[in-house]
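# Observations on the model geometry
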Amino acid sequence: MTTSILVTGGTGTLGRPVAQRLRDAGATVTVLSRHPRETAEGIRYTVGDLGTGEGIEAGVQGAEVIVHCAGSSKGDEQKTRTLVSAAKDARHIVLISVVGADRIPQVSAIDRAFFGYFGMKLATERVVEQSGIGWTTLRATQFHDLILMVARALAKLPVVPAPAGSRFQPVDASEVAERMAELALGEPSGLVADLAGPKIYTVAALVKSYLSAVGKRRPLVPVHIPGQAARAIRAGANLAPDRAVGKRTWEEFFADRI
């Protein structure tokens, strides 16, 4: 029997390839979108806004599985609460989270200002866990796309600030999408093994490689970020060296986009 799956954030970096993979696997796929869209390439769109709650009950109706890829800089916890509260027919919700969500302290205003995303994702995880719906959560490291966006922005500055001691292990969004689709087609599994990219880089190395590729020269100045969250980042709390299962490197990724 065909599985009915709703994908939130299904027009984004992760959600779009997740929806495509689920469609290709034979699922009936609906994408929750804030704006009306016509059915395209076998994927249906339904209008709903997780921020206001408008259209959510109708949007989730009949969905057996929800793949929650939507994310924002604010309000993720409440938006997820709105989603799971409306999901009366769902038997399984699959959530994307971030490696280190449970290891990056959120003690001070500085912690939250620089690394509040980690705390927000942990709070979102707890909403899903307490929803009464079968759940699966995958924590992944930062996507190549995010690193590229940051590198492009920093390259516009005359001097590039590079957080001293900070390292990242970027992963390709398509590889995360493949794993998310696999999990959505399976049974609820709780917190599954992390998914991280194949290599660990300092911030300076990531920016330098981008600058070199685009033929720019910029001085890099190391900066020290205070706080317990930054200390945890310097200690590698956002990394998963034992889960470096991603194949596509940062260099391979941005070579296709320059």
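Everything numeric in this text was worked out from a predicted model, so none of it was measured. (Residues numbered from 1 in each chain as written. Predicted model: local features only at pLDDT ≥ 70, side-chain atom pairs only at ≥ 80, totals over all residues. Heavy atoms only, no water.)

### Description of the overall build of the protein
Across its full length, the protein carries nine helices and eleven strands. For a compact globule of 258 residues, the expected C-alpha radius of gyration is about 18 Å, and the protein comes in at 19 Å, within 12% of that figure. By the burial criterion, 48% of the 258 residues in the protein qualify as buried. Taking all contacts inside the protein whose residues are at least 6 apart in sequence as the whole, residues at least 24 apart take part in 78%. About 12300 Å² of surface is accessible on the protein, with carbon and sulfur atoms providing 51% of the total. Side-chain charges in the protein split into 31 positive and 25 negative, and the spacing between the mean points of these groups amounts to 9 Å. (Helix = DSSP H or I, 4+ residues; strand = E, 2+ residues; numbered from the N terminus. Rg over C-alpha atoms; globule rule 2.2 N^0.38 Å. Buried < 20%, exposed > 50% of the residue type's maximum accessible area, 1.4 Å probe, protein only. Contact = heavy atoms within 4.5 Å. Areas by Shrake-Rupley, 256 points an atom, 1.4 Å probe, with all protein chains shown as cover. Lys, Arg positive; Asp, Glu negative; His and termini not counted. Charge placed at Lys NZ, Arg CZ, Asp CG, Glu CD.)

### Regarding the pattern of salt bridges
All told, the structure shown has ten salt bridges when counted by the stated rule. Of the charged contacts in the structure, one is a salt bridge between aspartate 76 and lysine 121, with a shortest N-O distance of 3.4 Å. Taken together, the residues span a long stretch of sequence, with aspartate 76 in helix 3 (residues 76-86) and lysine 121 in helix 4 (residues 109-129) at a distance of 45 residues. With a shortest N-O distance of 2.9 Å, arginine 179 and glutamate 182 are connected by a salt bridge. Here glutamate 182 and arginine 179 lie together in helix 6 (residues 173-184), a separation of three residues that amounts to about one turn. (Salt bridge = Lys/Arg side-chain N within 4 Å of Asp/Glu carboxyl O.)

### As for the sheet that holds strand 6 (residues 134-140)
With parallel pairing, the seven strands of this open sheet are ordered in space as 3-2-1-4-5-6-9. Both outer strands of the open sheet, strand 3 (43-47) and strand 9 (190-191), are each paired with one neighbouring strand and no more. Two strands pair when backbone bridges link them, and strand 2 (residues 28-33) and strand 3 are joined in this way by five bridges, in the parallel orientation. Residue pairing for strand 3: valine 29 is matched across the bridge by isoleucine 43. Set on the sheet, helix 6 makes contact with strand 4 (65-68), strand 5 (92-98) and strand 6; between it and strand 5 the angle comes to about 155 degrees. (Pairing = 2+ DSSP bridges. Axes fitted to C-alpha atoms, helices over the stretch in contact; angles between N-to-C directions.)

### Things to note about the nonpolar core
In terms of nonpolar packing, the biggest core is built from 29 residues, with Val7, Leu22, Val67, Val176 and Met180 touching the most fellow members. Sorting the residues of this core by element identifies strand 1 (4-8), helix 1 (15-24), strand 2, strand 3, strand 4, strand 5, strand 6 and helix 6 as the ones contributing at least two each. Residue contacts for methionine 180: discarding those within four places in its chain leaves Val18, Val67, Cys69, Val94, Leu95, Ile96 and Leu138. Among the nonpolar cores identified, the runner-up in size contains 18 residues, and Leu50, Val84, Ala87 and Ile133 belong to it. (Core = buried A, V, L, I, M, F, W, Y, C linked by side-chain atoms within 4.5 Å.)

### Concerning the pairing of strand 6
Most of strand 6 sits out of view: five of its seven residues are buried. As defined by bridge partners, strand 5 adjoins strand 6 across seven bridges and the pair is classed as parallel. Following the sheet pairing, isoleucine 93 is matched in strand 6 by tryptophan 135. Handedness of the crossover is the feature at issue here: the chain leaves strand 5, passes through helix 4, returns alongside strand 6, and the resulting connection is right-handed. Bridge count between strand 6 and strand 9: two bridges; the pairing is parallel. Among the inter-strand pairings, threonine 137 is bridged to a residue of strand 9, identified as leucine 191. (Right-handed = clockwise from strand over helix to strand, strands pointing away.)

In short, geometric facts, not functional conclusions.
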